[in-house]
Amino acid sequence: MKKQKFKTAEAYFKEAHRYYKNAKGRLKESQVEYNRYQDLKPVREACGTCYLAMLLALDCYFLERGVQADKLPTSTDGYQELLRKHAVHNGKIKNAFYN
């Protein structure tokens, strides 16, 4: 699948937020009994959608930090490398990505 390209960091953020809202909606549709989801398929779909939302949000972050749109990563190794270069020094973003 080809990676989507947007013109501005704001467009990446809006798309990430849309993905996140879709994932939350998917979880709300799922039945919960005894604090557990009864069907794993929608939970897996929501997790995958949230992962994609996180990648889009990272793209937005990198654009805000001065990375050119054509230099945005296309692999997890690429995201890790850019996080090492551009992430804040307290490590919160890196820890969230790696864990």
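Residues numbered from 1 in each chain as written. Predicted model: local features only at pLDDT ≥ 70, side-chain atom pairs only at ≥ 80, totals over all residues. Heavy atoms only, no water.

1. Points about the side chain of S30
Applicable threshold: Strands are runs of DSSP state E lasting at least 2 residues, helices are runs of H or I lasting at least 4, and numbering of each runs from the N terminus. Note on definitions: a residue-residue contact is assigned when non-hydrogen atoms from the two residues lie within 4.5 Å.
Among the secondary structure elements, S30 is positioned in the loop between α1 (9-29) and β1 (32-33). Those residues within four positions of S30 in sequence are excluded, and the remaining contacts are Y37 and P42.

2. What about unusual backbone geometry?
Its identity as a non-glycine residue notwithstanding, Y34 has a phi of 55°, on the positive side. Position of Y34 among the secondary structure elements: in the loop between β1 and β2 (36-37). Positive phi values are uncommon outside glycine, yet N35 reaches one of about 60°. Tracing the backbone shows N35 in the loop between β1 and β2.

3. Quick word on α1
Selection rule: In this scheme, a helix's expected span is set at 1.5 Å multiplied by one less than its residue total. Categorising residues by exposure relies on relative accessible area from a 1.4 Å probe, with only protein chains included: less than 20% of the type maximum marks a residue as buried, more than 50% marks it as exposed, and the intermediate range marks it as partly exposed. Summarising the geometry, the arc corresponds to the directions from the helix axis toward the C-beta atoms.
Given a rise of 1.5 Å per residue, 21 residues ought to cover 30 Å, and the 31 Å separating the end C-alpha atoms of α1 matches this to within 8%. Of all the residues in α1, the buried ones are A9, Y12, E15, A16, Y19 and A23. Looking straight down α1, one finds that the buried residues subtend no more than 130° of arc, so they occupy a single side. Exposed side chains of α1 directed beyond 90 degrees from the buried face belong to K14, K28 and E29.

Shape is all these values report; function is a separate question.
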